[in-house]
Amino acid sequence: MKLWLARHAAPLIEAGICYGSLDIEADAAATLSSARALAAALPQGLPVRVSGLRRAGRLAQALAALRDDLRPVRDERLNEMHFGAWEGVPWQDISQADIDAWTHDFAQYRAGGGECVTDVLRRVAHAMRDTAMDDEAVWITHAGVIRAVHYLARHGGADAPSAASWPVQAPACGEWTLLAGL
């Protein structure tokens, strides 16, 4: 299976703010530019699943407006991690003790009282199993979900992730990656 993992365009939020599941808009011009580039790259008629958050939904809408063969279906399992009380807070205002606790128990710590990484991996794994019925598909999603897919592709969910084993790289806002052989 091939999976195109597209990240939403740049969100309209100040740099340094925690915004996992915070439902914010993306830059309209950047969204259109990303949609045009993605529309030119994608093969015909692929199934498209999209996060339930607006910044991803806008990219899916722009893509569908350019290519009527690409019809997005909302899938909230592709939403970014929910950071609970950390949502909308500058990262620098989150206590070092909380960040250290998350790093120490990366798989199970509920960041800001929201989700833990294991929760994210579980829902992403379920979405991957459902998508596996297709030879090739597109997800329009977020950096954390893309990192979860990379982690699952590498480790298969057999090991609990640690902060050291978690993938650091993800496509920049408005860009994508293609994983083959999933």
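Relevant structure appears above.
Before going into details, it helps to say that this report is about the structure given with it. (Residues numbered from 1 in each chain as written. Predicted model: local features only at pLDDT ≥ 70, side-chain atom pairs only at ≥ 80, totals over all residues. Heavy atoms only, no water.)

### Regarding the overall build of the protein
Item 1. Scanning the protein from terminus to terminus reveals five helices and five strands.
Item 2. Counted from the first residue to the last, the protein has its helices and strands arranged as β-α-β-α-β-α-α-β-α-β.
Item 3. Its C-alpha atoms give the protein a radius of gyration of 16 Å, within 12% of the compact-globule value 16 Å for 182 residues.
Item 4. Seen through its principal axes, the protein has C-alpha atoms that stretch 50 × 35 × 20 Å.
Item 5. The buried share among the 182 residues of the protein stands at 48%.
Item 6. At a minimum sequence separation of 6, the contacts of the protein that also span at least 24 residues come to 73%. (Helix = DSSP H or I, 4+ residues; strand = E, 2+ residues; numbered from the N terminus. Rg over C-alpha atoms; globule rule 2.2 N^0.38 Å. Buried < 20%, exposed > 50% of the residue type's maximum accessible area, 1.4 Å probe, protein only. Contact = heavy atoms within 4.5 Å.)

### Observations regarding the environment of L22
Item 1. Take L22: it is sitting in the loop between β1 (2–7) and α1 (28–41).
Item 2. Between the C-alpha atom of L22 and that of G84, which follows or precedes it by 62 residues, the distance is 9.4 Å.
Item 3. In contact with L22, not counting residues within four places along its chain, are I13, R55, E87 and G88.

### Points about the sheet that holds strand β2 (residues 48–50)
Item 1. Pairing in this open sheet of five strands is mixed, and the strands run β3-β2-β4-β1-β5 from one edge to the other. Each having just a single partner strand, β3 (72–74) and β5 (176–180) make up the two edges of the open sheet. With direction set aside, neighbouring strand axes in the sheet form an average angle of 25°.
Item 2. When β2 meets β3, the two strands line up parallel, connected through three bridges. (Pairing = 2+ DSSP bridges. Axes fitted to C-alpha atoms, helices over the stretch in contact; angles between N-to-C directions.)

### Let's talk about the pattern of salt bridges
Item 1. This structure, assessed with the given rule, holds 11 salt bridges.
Item 2. Linking E25 and R58 is a salt bridge whose minimum nitrogen-to-oxygen distance equals 2.7 Å. With a gap of 33 residues between them, E25 in the loop between β1 and α1 and R58 in helix α2 (residues 54–66) connect regions that are remote in the sequence.
Item 3. Residue E25 is classed as partly exposed on the basis of its relative accessible area, which comes to 24%. (Salt bridge = Lys/Arg side-chain N within 4 Å of Asp/Glu carboxyl O.)

### Quick notes on α1
Item 1. With 14 residues, α1 ought to run about 20 Å at 1.5 Å a step, and its terminal C-alpha atoms sit 20 Å apart, in line with that.
Item 2. For α1, the full list of buried residues reads T31, S34, A35, L38 and A39. Projected down its long axis, α1 shows its buried positions confined to an angular sector of 135°, all on one face. Away from its buried face by more than 90 degrees, α1 exposes A29, R36 and A40.
Item 3. The secondary structure elements touched by the buried residues of α1 are β1, α2 and β5.
Item 4. Capping the start of α1 is the job of one residue whose side-chain oxygen sits 3.2 Å from the backbone nitrogen of A29: D27. (Expected span 1.5 Å × (residues − 1). Arc of directions from axis to C-beta. Polar contact = N/O pair within 3.5 Å; in protein donor to acceptor, adjacent residues only side chain to side chain.)

### Brief notes about the side chain of R55
Item 1. Counting through the fold element by element, R55 comes out in helix α2.
Item 2. Among buried charged residues, R55 stands out as having no salt bridge; its nearest opposite-charge side chain is D23, 5.1 Å away.
Item 3. At 3.1 Å, the side chain of R55 and the backbone oxygen of Y19 are in polar contact.
Item 4. At a separation of 2.6 Å, a polar atom in the side chain of R55 contacts the main-chain carbonyl oxygen of L22.
Item 5. The residues touching R55, leaving out its near neighbours within four places in the chain, are H8, P11, Y19, G20, L22, D23, I24, E25, A26, E80 and H142. (Lys, Arg positive; Asp, Glu negative; His and termini not counted.)

### Section: helix α5 (residues 143–155)
Item 1. Its 13 residues give α5 an end-to-end C-alpha distance of 18 Å, which sits within 8% of 18 Å, the value for a rise of 1.5 Å per residue.
Item 2. For α5, the elements touching its buried residues are β1, α4 (117–131), β4 (136–141) and β5.
Item 3. Directly after α5, the chain includes G156, whose backbone phi takes a positive value near 65°.

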